[in-house]
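Structural features, examined
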There are 2 protein chains.
Amino acid sequence: MVRLFFYDRACSGRFTHADGEFSVKPVKVGICGLGTVGGGTLNVLKRNAEEITRRAGRGIEVAQIAIRSPKPQYDTTGISMTSDVFELVNNPEIDIVIELIGGYTLAKELVLKAIDNGKHVVTANKALIAVHGNEIFARAREKGVIVAFEAAVAGGIPVIKAIREGLAANRINWLAGIINGTGNFILSEMREKGRTFPDVLAEAQALGYAEADPTFDVEGIDAAHKLTILASIAFGIPLQFDKAYTEGITQLTTADVNYAEALGYRIKHLGVARRTEAGIELRVHPTLIPADRLIANVNGVMNAVMVNGDAVGSTLYYGAGAGMEPTASSIIADLVDVVRALTADPTNRVPHLAFQPDSLSDHPILPIEACESAYYLRIQAKDHPGVLAQVASILSARGINIESIMQKEVEEQDGLVPMILVTHRVVEAQINEAISALEALEDVVGRVVRIRVEQLN
Amino acid sequence: MVRLFFYDRACSGRFTHADGEFSVKPVKVGICGLGTVGGGTLNVLKRNAEEITRRAGRGIEVAQIAIRSPKPQYDTTGISMTSDVFELVNNPEIDIVIELIGGYTLAKELVLKAIDNGKHVVTANKALIAVHGNEIFARAREKGVIVAFEAAVAGGIPVIKAIREGLAANRINWLAGIINGTGNFILSEMREKGRTFPDVLAEAQALGYAEADPTFDVEGIDAAHKLTILASIAFGIPLQFDKAYTEGITQLTTADVNYAEALGYRIKHLGVARRTEAGIELRVHPTLIPADRLIANVNGVMNAVMVNGDAVGSTLYYGAGAGMEPTASSIIADLVDVVRALTADPTNRVPHLAFQPDSLSDHPILPIEACESAYYLRIQAKDHPGVLAQVASILSARGINIESIMQKEVEEQDGLVPMILVTHRVVEAQINEAISALEALEDVVGRVVRIRVEQLN
C-alpha cells in the first residue's frame, strides 16, 4: 500500500516513482540578505529538502542570493551570488523573493520592485509590514502576487496562520502576546534572580539576545510592530502602527516585581489588542497577569500569544519567538503556501490581512486614555495616620473600586510606607486623574507607580 | 482609504459595495447530525455570517440538515430538513457535506457516498479518520475532493493546520498532547483536591464531561484515535490506529499523584509520538512531566499539544479540546479552507496527511516493548534491611540507571515501605524484565507500579 518516492537531492526537479517517472520543475527563490535568518533558511531548505518536497509536491531551489559581502560560513555551492539586490528582484528566473535585509527604505523599494516584476514575496520584516504594509499589500493585489509574513511575528510560531485561517469562524474579542523575547528574558531574570533591569540588560547584550541599541526591544517598539500586524488580521482593520500605545520595561523595579508576586501576579511585557464597542485598544506595556495563567509561565526568550474568539474561547500559541532556524521555519512554511497558491485563483487566496481588502473595518483605534484595564498602584506614603483613608477616598470619589490592598512596613532607608493597591477595571483617563490627586496629597512622596493588570481568562 | 462592504444577511449572495454591486453565490453546505457540535456549527455560521464572509470572500449557507428527530432548540428557518442522510449527500445543490453523526459504519458509508457524488466533506469524527482514513482519503483523491478534519483532534485548537502547514519546513522529532479533556479533568481534580479516580469520574459523568460508558475516554481509545491522526501528519506515515499502544488512567492512585508531586512532576494522560531510527513510537499512557513545563500546567478539560521540529524547536498549542462552539470553530475553519480550494488546482492542495500521498513513508510503528522512556516505579517492600540494595542491584545488573529515589516511612495499615524510583531512559522490554525480577523478590509485596516519565524539553 505504501510507496516511497525519491527526491533527487540535486534539485533537478526529477522525481522517480514506483510507477515510472515524472518531472515537476522546482520553484526558484532568491534570498536578499544572508544574516542569521537568511543563513537559517538556506540551511533548513537544504537539510530538509526531501521532507519539504514530500509536503509541497514540488522542490524549492535557492537560485540566487544577494549579499553585500561573502559569508563563507554558508555553503552556497551552485547558487548565483550578487551584491545587488535589484539584480535579484529583476532576475526573470526567480519566482519568489525572500526579503531579509530589514529596515524600511531599501527593503520597501525592493519589495515593491519585486511585486512590480510579478514575483511573490516572503518577508520577516515586521517594521516594514507594520508601517508600509497597507501600501505593499495594495500593490501586491494589483499585481496578483502574495506577500507572506508569518516570520514577522513570534518567530517560528505559526500564529498568523492560526488567526487568519484556523480561527476564521470567530469574532475575535482580544489577543495578548509576549512577542519580544529580549524583554521577556529580562523580566524572567528579574523575577527569578532578583536582578535589576540594567544588570540583566547588560547580560542580554553580552549573550546576543539584545542589540547594542536595545531601544526597539525594551521600549516596546518591536512588540508594537508585531501587535499592529496581529490586530489587523484579528479584527479586519488596516495596519495603524502610528496609533499603537507603547510603553517599555525600562522603569520596572525589582520591588514591583516582588510586590506583584506577593499579590499572586507575574509582570510580563504584553502586547494587548481588544475590540470594544467604542473602538480597538492597541497597547504595549508591562502587565500584571495572575500567576496561574499559562502565559504568565512563559519564561526566558520564549514567545506566546493568547487569542480569544467568541466561538473557540481562549487559545494559546507558544514557541521560539526569534532565532536562526525558528524564523526560517516560518519563512519556509510561507514558501510552501506560496508554491500551492501558484495554481489557485488569485482572487480567492487567503487575504493578506485575513479579511477581503474591500471589507476592512474603519472601527477606530482608541487613544490610551480611552482604554480600560485594572491597575496596580504603588504609593510611597509618609508614616502618618489617615493616609490610607485619604487614598481610599480619592479613589472612591472617582468610582474606582479597590480589588486588593497591601500595606508594607515602614522602609528603613526613607521612613516611607509602600502602599500597594490593585483596582477593578476602569478607563485610563479616570486613573490618570486619580493619580494626579494622589500625588498632590501632602503625605504622598514622589510619583505613584502604575502598572496595568489583565486577567486573561 | 477604508471601505466597508455589506453582506446581505439573508444569504442571497448579493454584495453591495461603494463602487457598485456584484454577485457571488454562497457555497451550500449540508449538515448530517444536529447534536451539540452540529447545533454549535449552525449557531456560529449564523451569528458570525458577516465576519466569516468578510474573510472567505463568499457566503456559506446551510442548505439542508439531516436529523432523525426535530431539534426545536435550533432555529432552522429556511433550511430544508430531512431524516435521511442519503437524501442530503445526494442533494445536487450541496457543495460540502458536514459529517457529525459519529461512529464508523453509517458515517463511513455516507462520507464515501458524498465523495462519490463529488462533494467535499468536513468531519469531526476522529474514530472514522483514525480507522478508515486511508481508504477515505484515497477515494477523495480519485474524485478530486477534500476531506477536512481539523475538528477531529483537540476541538477548537488549529493544531492540524499548525503541523500540516505551519511547520512544513520541519522534520518533526516528536509530539505529545493532552488530547482528552475528560481524562485531564479527572487527573486535575485528583491532584488539586486529593480525590480518587472513581469519585471524580462519577462527578465528570454528572457534569456531562464523561459519557455513561467512559471507556473511550478513560482507557485512552479516544486519545489514541487523535494521536494516530497527529502522528500521520507529523511523520508522513499512513494512519495505523491498530498499532497504537493504549493505556488508560483507571489504575492511577492518589498516592502516585502525590509522590509524583513530591518528586517535582505532574501526572498527565499523554499521547506521545516520536520518530526514532528504528521506527515510530505511538503510545497513550499516564506520564510524569516536570511540573515547570507549560503542558504540565494545562488543567481541567483543556487540551494542549506540544510539537517539536528540528528547525522550530518545541511549540505548544492550547485551547478547548471539545464543546459545542470550540468544535464548530474548527469545522467552519475547514469550510473556509474548502471554499478557497474550490478554485485551486486539485493536485496542488495541502495533502490530507500533510505529505503527498505517493510519498508516505513505511517507517514502522514500534511495538511498546521497543519504545524508550524513563520510568517512575513504586515498590511496596517489607521493612527489612537490605531491600534497597537488592532493588538497586537488579536495576544495575540490567544497565538501568536511577535518576532519583525516595523512600517513605513505614505505612501504618500494612507495615510496608513504599520505595519510589525514577530511572533514566531505557527500552521498555528492559524495564519489564527488571520489574519481573523485582516482583519475584521475597521482600517485595504485590505488583510494582510503573508510570512512564517524559521530559518534554
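Since we're looking at a predicted model, the values are computed, not measured. Sequence order as written defines residue numbering, which begins from 1 separately in each chain. The lettering of chains begins at A and the numbering of ligands begins at 1, in the order of writing. Whole-chain, interface and lining totals are the exception, using all residues; otherwise, since this is a predicted model, local features are given only for residues with pLDDT of at least 70 and side-chain atom pairs are given and counted only at 80 or more. To get the side-chain values, all heavy atoms of the structure are used, and hydrogens and water are removed first.

1. Remarks on the relation of the copies chain A and chain B
Copies are brought into register by a least-squares superposition over C-alpha atoms of residues with pLDDT of at least 70 in both. Note on the identical chains: chain A maps onto chain B by a rotation of 180 degrees and an axial translation of 0.0 Å, with an RMSD of 0.0 Å. What we have between these two chains is a two-fold relation. The rotation axis passes nearest to the C-alpha of Ala344 of chain A in chain A, at a distance of 1.9 Å. Working rule for contacts: check all heavy atoms of both residues, and any pair within 4.5 Å makes them a contact. Both copies share a contact surface, since 100% of the interface residues of chain A are interface residues in chain B too.

2. What about a nonpolar patch on the surface?
A residue counts toward a patch only above 30% relative accessible area and without a salt bridge, and it is joined to like-charged neighbours within 9 Å or, for Val, Leu, Ile, Met, Phe, Trp and Tyr, to nonpolar neighbours within 5 Å. Note on areas: Shrake-Rupley, 1.4 Å probe, and residue coverage restricted to the protein chains presented here. Think of a salt bridge as a Lys or Arg side-chain nitrogen and an Asp or Glu carboxyl oxygen that are within 4 Å of each other. Where nonpolar side chains cluster on the molecular surface, the patch consists of Leu207, Tyr209 and Val301 of chain A and spans about 240 Å² of accessible area. Counting from the N terminus, the helices are the DSSP runs of H or I reaching at least four residues and the strands are the DSSP runs of E reaching at least two. Examined against the element boundaries, Leu207 of chain A turns out to sit in helix α8 (residues 197-207).

3. Some thoughts on helix α4 (residues 105-116) of chain B
Residues and elements named next belong to chain B. By definition here, a helix of n residues has an expected span of 1.5 Å times n minus one. With twelve residues, α4 ought to run about 16 Å at 1.5 Å a step, and its terminal C-alpha atoms sit 17 Å apart, in line with that. If you check which residues of α4 are buried, you get Ala107, Lys108, Leu110, Val111, Leu112, Ala114 and Ile115. Just beyond α4, the residue with positive phi is Gly118, at close to 80 degrees. Summary of the burial criterion: residues with accessible area below 20% of their type's maximum are buried, those above 50% are exposed, and those between are partly exposed, where the area comes from a 1.4 Å probe applied to protein chains only.

4. Observations regarding the interface of chain A and chain B
Of the residues lining the interface, 73 residues belong to chain A; the matching set on chain B comes to 73 residues. Values labelled buried area give the accessible surface lost by two parts on being combined, using a 1.4 Å probe and summing over both. In total, chain A and chain B occlude about 6,100 Å² of area from one another, counting both sides; carbon and sulfur atoms represent 52% of this. When the buried area of chain A at its contact with chain B is split by residue, Arg54, Arg55 and Leu294 of chain A rank highest and sum to 13% of it. At the surface where chain A touches chain B, the tally comes to eight salt bridges. The residue Lys161 of chain B makes a salt bridge to Glu165 of chain A at a minimum N-O spacing of 2.7 Å. Counting of polar contacts relies on pairs of N or O atoms within 3.5 Å, with two restrictions inside protein: one atom must be capable of donating a hydrogen and the other of accepting it, and residues adjacent in sequence are counted only when both atoms are side-chain atoms. One can count 38 residue pairs in polar contact (both at pLDDT 80 or more) joining chain A with chain B. When residues of the side of chain A that touches chain B are traced back to their parent elements, those giving at least two are α1 (36-47), α2 (49-56), α6 (159-166), α10 (221-235), β15 (313-320) and α12 (324-341) of chain A. Per element, the largest residue contribution to the side of chain A that touches chain B is nine residues, and it comes from α12 of chain A. Throughout this entry, Asp, Glu, Lys and Arg are counted as charged residues, while Ala, Val, Leu, Ile, Met, Phe, Trp, Tyr, Cys and Pro are counted as nonpolar. The remaining residues, Gly among them, count as polar. When the residues that make up the side of chain A that touches chain B are grouped by side-chain class, the tally is 36 nonpolar, 19 polar and 18 charged. Whether two strands pair depends on DSSP finding at least two bridges between them. One ladder, built from three bridges, connects β15 of chain A with strand β15 (residues 313-320) of chain B; its direction is antiparallel.

5. Some remarks on the side chain of Ser232 of chain A
Residue and element names in this part refer to chain A. Relative to the helices and strands, Ser232 is located in helix α10. Using a relative accessible area of 1% as the deciding quantity, one classes Ser232 as buried. A polar side-chain atom of Ser232 sits 2.9 Å from the main-chain carbonyl oxygen of Ile237. When sequence neighbours within four positions are dropped, the list of residues in contact with Ser232 reads Ile237, Pro238, Leu239 and Leu353.

6. A few points about the packing of aromatic side chains
Residues and elements named next belong to chain B. Two rings belonging to Phe, Tyr or Trp (six-membered ring only in the last case) form a pair when the distance between their centres is within 6.5 Å. Interplanar angles under 30 degrees mark stacking, angles over 60 mark edge-to-face geometry, and anything in between is tilted. Applying the stated rule across the entire model yields five aromatic pairs over all chains. Seen in terms of ring centroids, Phe185 and Tyr209 are 4.8 Å apart; in terms of plane orientation they differ by 80 degrees. Their pairing is edge-to-face. With Phe185 in helix α7 (residues 181-193) and Tyr209 in the loop between α8 (197-207) and α9 (215-218), this residue pair connects regions lying 24 residues apart in the sequence. Residue Phe185 is classed as buried on the basis of its relative accessible area, which comes to 8%.

7. Side note on the side chain of Arg378 of chain A
All names here are of chain A. The residue Arg378 is located in strand β16 (residues 372-382) in this model. A distance of 2.6 Å separates polar atoms of two side chains, one belonging to Arg378 and the other to Asp256. For Arg378, the contacting residues outside a window of four places in its chain are Thr253, Ala255, Asp256, Tyr259, Met419, Ile420, Arg447, Val448 and Val449.

8. Topic: the domain arrangement of chain A
An automatic or database domain assignment is the source of the domain bounds shown. By domain assignment, chain A separates into domain 1 (6-148), domain 2 (159-321) and domain 3 (372-453). Here the C-alpha centroids of domain 1 of chain A and domain 3 of chain A sit 55 Å apart.

9. Observations concerning the sheet that holds strand β4 (residues 27-32) of chain B
Residue and element names in this part refer to chain B. Strand order in this open sheet of six strands is β6-β5-β4-β7-β8-β9, and the pairing throughout is parallel. The strands lining the two open edges of the sheet, one partner per strand, are β6 (80-82) and β9 (147-148). Pairing of β4 with strand β7 (residues 96-99) involves four bridges; the strand directions are parallel. Across the sheet, the residue bridging to Val29 is Ile96, located in β7. Each axis is a line fitted through C-alpha atoms, and for a helix only the stretch in contact is used; angles between axes span 0 to 180 degrees, taken between their N-to-C directions. Docked against the sheet, α4 engages β4, β7, β8 (120-123) and β9, running at close to 170 degrees with respect to β7.

10. Some details on the sheet that holds strand β4 (residues 27-32) of chain A
All names here are of chain A. Here six strands make up an open sheet; going across it, the order is β6-β5-β4-β7-β8-β9 and the pairing parallel. The outermost strands of the open sheet, each flanked by one partner alone, are β6 (80-82) and β9 (147-148). Sitting on the sheet, helix α4 (residues 105-116) touches β4, β7 (96-99), β8 (120-123) and β9, and the angle it makes with β7 is about 170 degrees.

11. Considerations on the packing of helix α7 (residues 181-193) of chain A against α8 of chain A
All names here are of chain A. It is the contact of α7 with α8, at a shortest axis distance of 9 Å, that shows an interaxial angle of 130 degrees. In terms of axis orientation, α7 runs oblique to α8. Both α7 and α8 take part in a crossing whose hand is right-handed. Here α7 contributes Phe185, Ile186, Glu189 and Met190 to the contact with α8, which in turn contributes Phe197, Val200, Leu201, Glu203, Ala204 and Leu207. Of the residues that constitute the contact of α7 with α8, the class distribution is eight nonpolar, no polar and two charged. Here the word oblique covers every angle except those under 35 degrees (roughly parallel), over 145 (roughly antiparallel) and from 65 to 115 (roughly perpendicular). In this scheme the crossing of two helices becomes right-handed for a clockwise turn of the near helix relative to the far one and left-handed for an anticlockwise turn of less than a right angle.

12. Side note on the UniProt feature "binding site: L-homoserine" (unreviewed entry) in chain A
Residues and elements named next belong to chain A. UniProt positions are given in the numbering used here, feature names are shortened, and annotations may be inferred rather than shown by experiment. UniProt marks Glu211 with the feature "binding site: L-homoserine" (unreviewed entry), using the numbering shown here. Examined against the element boundaries, Glu211 turns out to sit in the loop between α8 and α9 (215-218). Apart from residues no more than four positions distant in its own chain, Glu211 is found in contact with Gln205 and Asp217.

13. Describing the pairing of strand β12 (residues 265-275) of chain B
Residue and element names in this part refer to chain B. For β12, the buried fraction is high: eleven of the eleven residues fall into the buried class. What you see with β12 is no split at all: Tyr265, Ile267, His269, Gly271, Ala273 and Arg275 on one side and Arg266, Lys268, Leu270, Val272 and Arg274 on the other are buried throughout. With four bridges joining them, strand β10 (residues 172-178) and β12 adopt antiparallel strand pairing. Counterpart to Leu175 in the pairing with β12 is Ala273. When β12 meets strand β13 (residues 280-290), the two strands line up antiparallel, connected through eleven bridges. When the sheet's bridge partners are listed, Lys268 is paired in β13 with Thr287. Here β12 hands over to β13 after four residues, the two strands then running antiparallel side by side.

14. Topic: unusual backbone geometry
All names here are of chain B. In this structure, Ala354 is a non-glycine residue whose phi angle is positive, near 75 degrees. Classification of Ala354 as buried rests on a relative accessible area of 0%. One non-glycine residue, Leu456, adopts positive backbone phi at about 50 degrees. Given the relative accessible area of 5%, Leu456 is considered buried.

15. A few points about the pattern of salt bridges
Scanning all chains against the criterion turns up 64 salt bridges over all chains. Between Glu261 of chain A and Arg191 of chain A there is a salt bridge whose closest N-O contact spans 2.9 Å. Taken together, the positions of Glu261 of chain A in helix α11 (residues 254-262) and Arg191 of chain A in helix α7 put the pair 70 residues apart, joining distant regions of the chain. The partner of Asp292 of chain B in a salt bridge is Arg293 of chain B, and the shortest N-O contact between them spans 2.8 Å. What you see here is one network of salt bridges that share partners, running through Lys161, Glu165 and Asp337 of chain A together with Lys161, Glu165 and Asp337 of chain B.

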